[in-house]
Amino acid sequence: QKEVEQNSGPLSVPEGAIASLNCTYSDRGSQSFFWYRQYSGKSPELIMFIYSNGDKEDGRFTAQLNKASQYVSLLIRDSQPSDSATYLCAAPGGGFGAGTRLTVKP
Amino acid sequence: NAGVTQTPKFQVLKTGQSMTLQCAQDMNHNSMYWYRQDPGMGLRLIYYSASEGTTDKGEVPNGYNVSRLNKREFSLRLESAAPSQTSVYFCASSALAGGLADTQYFGPGTRLTVL
């Protein structure tokens, strides 16, 4: 079993909606988490990392970490068609989740 | 500043042929990685190098070898290619020594087909 699990989706939301992406992890010792975005045919790029419980906001993106429940989520507010991509969750030493494909429909 | 570069971008091999995928980074990073990505499987770590002169197996090392040639370069070799190695291969690097603990920067990928 992978240490990092994601619902592989796909997830489809209308433009302007909030997209919610979730990830669970098995290693209680994990201290930080990364969210990468990967456009079709391209390589992954970091969009956010979070290392403390609670929320971290960066523009339209909010990462949430709940260590007690061992999950981390990414919220995308006011979703745009340009947000359509696969989102990968990663934990140091725990590898990458399988990714969730997000489609934002105009 | 090119970041992480990979060659070649595309390659077609016949079963049993060998080849080396090249990767170089110009960010003075200490750790480097090789991943493969298959549909529905996400990124799977093949090998990584936590510092110059060291290499370690990842999740799926069988059928591959690596060489950390110097701090900049990390190559991946397929000695006898098999159809199961058809995949997209990504090289990545990160600043800290020790590997796997910080932000990774990815190359553009190599799309390999083994017939």
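Everything here concerns the structure above.
Quantities reported herein were computed from a predicted structural model and do not represent experimental measurements. (Residues numbered from 1 in each chain as written. Chains lettered and ligands numbered in written order. Predicted model: local features only at pLDDT ≥ 70, side-chain atom pairs only at ≥ 80, totals over all residues. Heavy atoms only, no water.)

> Just to check I follow, could you spell out the overall build of chain A for this structure?
A count of helices and strands for chain A gives 0 helices and 11 strands. In sequence order, chain A lays out its α and β elements as β-β-β-β-β-β-β-β-β-β-β. Its C-alpha atoms put chain A at 40 × 25 × 20 Å along the principal axes. Within chain A, contacts between residues separated by at least 24 positions form 52% of all contacts whose residues are at least 6 apart in sequence. Looking at chain A as shown, the accessible area adds up to about 5100 Å², and 47% of this sits on carbon and sulfur atoms. (Helix = DSSP H or I, 4+ residues; strand = E, 2+ residues; numbered from the N terminus. Contact = heavy atoms within 4.5 Å. Areas by Shrake-Rupley, 256 points an atom, 1.4 Å probe, with all protein chains shown as cover.)

> Is there a simple way to explain the pairing of strand β3 (residues 19-25) of chain A in this structure?
Each regular strand carries side chains that alternate between the two faces of the sheet. All names here are of chain A. Burial along β3 is one-sided: the face carrying Ala19, Leu21, Cys23 and Tyr25 is buried and the face carrying Ser20, Asn22 and Thr24 is not. Two strands pair when backbone bridges link them, and strand β1 (residues 4-6) and β3 are joined in this way by 3 bridges, in the antiparallel orientation. Counterpart to Glu5 in the pairing with β3 is Thr24. Here β3 pairs with strand β8 (residues 71-76) via 6 bridges, running antiparallel. When the sheet's bridge partners are listed, Cys23 is paired in β8 with Val72. (Buried < 20%, exposed > 50% of the residue type's maximum accessible area, 1.4 Å probe, protein only. Pairing = 2+ DSSP bridges.)

> I'm lost on the pattern of salt bridges in this one. Help?
Any two side chains of opposite charge can pair if their charged atoms end up close together. For the structure shown, the criterion picks out 6 salt bridges over all chains. Put simply, Glu45 of chain A and Arg37 of chain A hold a salt bridge, and the shortest N to O gap is 3.1 Å. Using a relative accessible area of 15% as the deciding quantity, one classes Arg37 of chain A as buried. For Arg60 of chain A, the salt bridge is made with Asp83 of chain A, and the minimal N-O distance between the two is 2.8 Å. Of this pair, Arg60 of chain A sits in the loop between β6 (54-58) and β7 (61-66) while Asp83 of chain A sits in the loop between β8 and β9 (85-91), and the two are 23 residues apart along the sequence. Among the charged side chains, a network of salt bridges with common partners joins Arg36, Asp38 and Arg44 of chain B. (Salt bridge = Lys/Arg side-chain N within 4 Å of Asp/Glu carboxyl O.)

> Looking at this model, I keep getting lost on the side chain of Thr100 of chain A. Mind explaining?
Along the polypeptide, Thr100 of chain A turns up in strand β11 (residues 100-105). Within the structure, Thr100 of chain A has its side chain in polar contact with the side chain of Gln6 of chain A (distance 3.5 Å). (Polar contact = N/O pair within 3.5 Å; in protein donor to acceptor, adjacent residues only side chain to side chain.)

> In this structure, what is going on with the packing of aromatic side chains? I would like to understand it.
Given two aromatic rings, their pairing is described by the distance between the two centres and the angle made by the two planes. One pass over the full model with this rule turns up 13 aromatic pairs over all chains. Seen from their ring centres, Phe96 of chain A and Phe106 of chain B are 6.1 Å apart, and the 75° between their planes marks the pair as edge-to-face. One end of the pair, Phe96 of chain A, is in strand β10 (residues 95-96); the other, Phe106 of chain B, is in strand β10 (residues 105-106), on a second chain. Each member of the pair Phe96 of chain A and Phe106 of chain B is classed as buried. When the centroid spacing of 5.8 Å and the interplanar angle of 40° are considered together, the rings of Tyr35 of chain B and Phe106 of chain B count as tilted. (Phe/Tyr/Trp six-rings, centres within 6.5 Å; stacked < 30°, edge-to-face > 60°.)

> Would you explain the nonpolar core in this entry?
Generally speaking, a soluble globular protein has its nonpolar side chains buried in company with each other. Among the nonpolar cores identified, the biggest contains 23 residues, and Trp35, Val72, Leu74, Ile76 and Tyr87 of chain A are the most heavily contacted of them. Among the elements of the structure, β3, β4 (33-38), β5 (45-50), β7, β8, β9 and β11 of chain A are those that each provide at least two residues to this core. Once residues within four sequence positions are removed from consideration, Val72 of chain A is found in contact with Leu21, Asn22, Cys23, Phe33, Trp35, Ile50, Gln64, Leu65 and Cys89 of chain A. Core analysis: the second largest hydrophobic core is formed by 20 residues, Leu21, Tyr64, Ala81 and Leu112 of chain B among them. (Core = buried A, V, L, I, M, F, W, Y, C linked by side-chain atoms within 4.5 Å.)

> Would you explain the interface of chain A and chain B in this entry?
Each partner contributes residues to the interface: chain A has 14 residues there, and chain B has 16 residues. Buried area between chain A and chain B, both sides added, is near 1100 Å², and the carbon and sulfur share of it is 57%. Scanning the region where chain A abuts chain B turns up 0 salt bridges. On inspection of chain A and its partner chain B, the count reaches 3 residue pairs in polar contact (both at pLDDT 80 or more). For the side of chain A that touches chain B, the element with the most residues is β4 of chain A, which contributes 3 residues. (Buried area = accessible area lost by both parts, 1.4 Å probe.)

> Quick question: what am I supposed to make of the sheet that holds β7 of chain A here?
Sheet strands line up and pair through hydrogen bonds in the backbone, either parallel or antiparallel. All names here are of chain A. Overall, antiparallel pairing links the 5 strands, which are arranged β1-β3-β8-β7-β6 in an open sheet. Each of the sheet's edge strands pairs with one partner strand only, and the pair in question is β1 and β6. Neighbour to neighbour, the strand axes of the sheet diverge by 20° on average, direction disregarded. (Axes fitted to C-alpha atoms, helices over the stretch in contact; angles between N-to-C directions.)

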